[in-house]
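Chains, contacts and geometry: an overview
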Amino acid sequence: KQEVTQIPAALSVPEGENLVLNCSFTDSAIYNLQWFRQDPGKGLTSLLLIQSSQREQTSGRLNASLDKSSGRSTLYIAASQPGDSATYLCAANSQGAQKLVFGQGTRLTINP
Amino acid sequence: EADIYQTPRYLVIGTGKKITLECSQTMGHDKMYWYQQDPGMELHLIHYSYGVNSTEKGDLSSESTVSRIRTEHFPLTLESARPSHTSQYLCASGPQGRGLGNYNEQFFGPGTRLTVL
């Protein structure tokens, strides 16, 4: 059974810093991994999706990587801004499953 | 503009009432999902559908029911609401696999925050 873990649960950094959010998954047989952002009381916004054949995806200041062999994905945020403050979730889609398995998220705070 | 919509955004009702949470998407997606999320907690899948007339229960047992009569519409119904149903309900949709088997990408609506008194 796939399990997804995100550590740390919360992270606070000064504005302008580059940072990395971590996502670990137990079953390396995945089809794709998706990163989301969630603002308080809102729905999830899809940020990046990495297919199993890819090693990374980029969108603006965001870069997501995937290492299936080690069961890890990272989300790199460059030049962080206060508007980046939100909870970031990763979700893995395992082979043989029809559902995404979500991590518990990392709550990110960017201090001006 | 292709999007996914949920109504109402906020709902406060009394115990015992029947409610329906609406979810519609204009993205032409076959797959649709309902999640339940308590504040600050993880998402739990409660229902999903692969297409018209297809509905399945998710990982978290729920007293709610769903229907999928039209591709774009996936309503969730609680026959008799209770305070324990107080939560945020998130609807999502996604395309069928593009030659990658269980390829699964999901897009979320804004959510409905339900409070049962």
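Higher on the page you've got the structure.
Report on the accompanying structure.

Analysis parameters
- Residues numbered from 1 in each chain as written.
- Chains lettered and ligands numbered in written order.
- Predicted model: local features only at pLDDT ≥ 70, side-chain atom pairs only at ≥ 80, totals over all residues.
- Heavy atoms only, no water.
- Contact = heavy atoms within 4.5 Å.
- Buried area = accessible area lost by both parts, 1.4 Å probe.
- Salt bridge = Lys/Arg side-chain N within 4 Å of Asp/Glu carboxyl O.
- Polar contact = N/O pair within 3.5 Å; in protein donor to acceptor, adjacent residues only side chain to side chain.
- Helix = DSSP H or I, 4+ residues; strand = E, 2+ residues; numbered from the N terminus.
- Pairing = 2+ DSSP bridges.
- Buried < 20%, exposed > 50% of the residue type's maximum accessible area, 1.4 Å probe, protein only.

On to the interface of chain A and chain B. Between chain A and chain B, the residue contacts involve 22 residues of the former and 25 residues of the latter. With both sides pooled, the region where chain A packs onto chain B buries about 1,900 Å², and carbon together with sulfur makes up 49% of that total. Put simply, chain A and chain B have zero salt bridges between them. The tally of links from chain A across to chain B stands at five residue pairs in polar contact (both at pLDDT 80 or more). Among the secondary structure elements, those contributing two or more residues to the side of chain A that touches chain B are β4 (30-38), β5 (44-51), β9 (86-94) and β10 (100-102) of chain A. With five residues, the top contributor of residues to the side of chain A that touches chain B is β4(A).

Let's shift gears to the sheet that holds strand β8 (residues 72-77) of chain A. The strands making up a sheet are joined through hydrogen bonds of the backbone, oriented either antiparallel or parallel. Residues and elements named next belong to chain A. Pairing is antiparallel across the open sheet formed by five strands, whose spatial order is β1-β3-β8-β7-β6. In this open sheet, the two edge strands, each paired with only one partner strand, are β1 (4-5) and β6 (56-59). As judged from the six bridges shared by strand β7 (residues 62-67) and β8, these two strands associate in the antiparallel manner. The partner of Leu62 across the bridge, within β8, is Ile77.

What follows concerns the pairing of strand β3 (residues 19-25) of chain B. Residues and elements named next belong to chain B. Of the two faces of β3, only one is covered, namely that formed by Ile19, Leu21, Cys23 and Gln25; the face formed by Thr20, Glu22 and Ser24 stays uncovered. Of the strand pairs in this sheet, strand β1 (residues 4-7) and β3 are connected by four bridges, and their pairing is antiparallel. Following the sheet pairing, Thr7 is matched in β3 by Glu22.

In this structure the tally under the stated criterion is five salt bridges over all chains. Two residues, A:Asp84 and A:Arg61, come together in a salt bridge whose shortest N-O distance is 2.9 Å. Note that A:Asp84 is positioned in the loop between β8 and β9 and A:Arg61 in the loop between β6 and β7, a separation of 23 residues in sequence. Judged by relative accessible area, A:Asp84 falls into the buried class, the value being 7%. Overall, A:Arg61 belongs to the partly exposed group, its relative accessible area being 30%. Between B:Glu63 and B:Arg82 there is a salt bridge, and its shortest N-O distance comes to 2.7 Å.

On their own, these measurements won't tell you what the molecule is for.
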